[in-house]
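Understanding the architecture of this molecule
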Amino acid sequence: MTASRRLLLVNGPNLNLLGTREPEVYGTATLADVVKVTAEAAETLGYELRAEQSNHEGVLIDAIHAAREDCAGIVINPGGLTHTSVVLRDALTGVSLPFAEVHISDVYAREEFRHFSYLHDVAAVRVIGRGVDGYAEAVRALVAQL
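Remember, predicted model here, so these are calculated numbers, not experimental data. (Residues numbered from 1 in each chain as written. Predicted model: local features only at pLDDT ≥ 70, side-chain atom pairs only at ≥ 80, totals over all residues. Heavy atoms only, no water.)

Observations concerning the sheet that holds strand β3 (residues 73–77)
So the rule is basically this: Any two strands with at least two DSSP bridges between them are considered paired. Each helix corresponds to a stretch of at least 4 residues labelled H or I by DSSP, and each strand to a stretch of at least 2 residues labelled E; elements are numbered beginning at the N terminus. Convention adopted: a line fitted to C-alpha atoms gives each axis, helices being fitted over their contacting stretch, and angles between N-to-C directions are expressed from 0 to 180 degrees.
Ordered by their spatial adjacency, five strands build an open sheet running β2-β1-β3-β4-β5, and the pairing between neighbours is parallel. Lying at the two open borders of the sheet, with one neighbouring strand each, are β2 (48–53) and β5 (125–128). In this sheet, adjacent strand axes meet at a mean angle of 15 degrees when their direction is disregarded. In this structure, strand β4 (residues 99–103) lies alongside β5, joined through four bridges in parallel fashion. Paired with H103 across the bridge in β5 is I128.

Okay, structure coming up:
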């Protein structure tokens, strides 16, 4: 598959706990459900999906760096790194790929520290508080810009 027909899905720390972690906030869908929903949305639009989840910032940065070789764009839920990671922002801007920032919960209806995103002003697309379906929405909006 050519670079123009592949997307990278990145899920950050603690998203491996989806389905059991605070279901009243994040719902009962699992990370496997997230990957499935996202892959199906990408496939419908003629894109392949590569998925990466890690609780380690460096692993996520390495995956983002690798994406510049074979991906057209990135869909990312950085989890708590949204509010803390300048280096994640630098990796995303450094590879010069358009990306969609996704959050399952409505971060603006939660604790105040969650209201700030280091990615908000450089993301091509932002989808917040749409649950797992937000990933598919992000894919559609991102592909529309490619």
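A few points about the packing of helix α3 (residues 57–70) against helix α4 (residues 86–94)
We apply this condition: Orientation is classified from the angle alone, with under 35 degrees giving roughly parallel, over 145 giving roughly antiparallel, 65 to 115 giving roughly perpendicular, and any other angle giving oblique. Two residues qualify as a contact provided that any one of their heavy atoms is within 4.5 Å of a heavy atom in the partner residue. Only Asp, Glu, Lys and Arg are considered charged, only Ala, Val, Leu, Ile, Met, Phe, Trp, Tyr, Cys and Pro nonpolar, and every remaining residue, Gly among them, polar.
Where α3 meets α4, the closest approach of the two axes is 9 Å, and the angle between their N-to-C directions is 10 degrees. On the basis of their axis angle, the class for α3 and α4 is roughly parallel. Residue-level inspection shows E57, I61, I64 and H65 of α3 in contact with α4, the latter providing V87, L88, A91 and L92. Broken down by class, the residue content of the contact of α3 with α4 amounts to six nonpolar, one polar and one charged.

Points about the layout of surface pockets
Using a probe with the size of a water molecule, rolled over the atoms, empty space left in the structure can be pinpointed. What counts, and what does not: A 1.4 Å probe that fits into a set of points on a 1 Å grid over the protein atoms alone but cannot get out defines a cavity; an open set with protein on both sides within 12 Å along at least five of seven lines defines a pocket, and lining residues are those with an atom within 4 Å of a point. Grid points are joined across faces, edges and corners, and a volume is the space filled by probe spheres set on the points.
Considering only enclosed or pocket space, the largest pocket measures out at about 160 Å³ in volume. Together, 15 residues line the largest pocket, and Y26, G79, G80, R110 and R114 are the ones closest to its centre. A class-by-class count of the residues in the lining of the largest pocket yields five nonpolar, seven polar and three charged.

Quick notes on the pattern of salt bridges
Convention followed: By salt bridge we mean one thing: a side-chain nitrogen of Lys or Arg within 4 Å of a carboxyl oxygen of Asp or Glu. Three labels apply to residues, based on accessible area from a 1.4 Å probe with only protein chains included: buried if under 20% of the type maximum, exposed if over 50%, partly exposed otherwise in between.
In the structure shown here, the tally under the stated rule is eleven salt bridges. Of the charged contacts, one joins E48 and R6 as a salt bridge, the two residues approaching to 2.7 Å between their closest N and O atoms. Placement of E48 in strand β2 and of R6 in strand β1 (residues 6–11) is noted, with a sequence separation of 42 residues between them. The residue R114 makes a salt bridge to E111 at a minimum N-O spacing of 2.6 Å. For E111, a relative accessible area of 37% gives the class partly exposed.

Here we look at the packing of helix α2 (residues 31–44) against helix α5 (residues 133–145)
Axes are the key here: two packed helices are described by the angle between their axes and the distance separating the axes. Formally: Less than a right angle of anticlockwise turn of the near helix away from the far helix marks a crossing as left-handed, whereas a clockwise turn marks it as right-handed.
In contact at an axis separation of 8 Å, α2 and α5 are set at 25 degrees when each is read in the N-to-C sense. For the element pair α2 / α5, the angle class is roughly parallel. You can see that α2 and α5 cross each other, and the crossing is right-handed. Contacts between α2 and α5 involve V34, V37, T38, A41 and A42 on the former and, on the latter, Y135, A136 and V139. Of the residues belonging to the contact of α2 with α5, the class tally is seven nonpolar, one polar and no charged.

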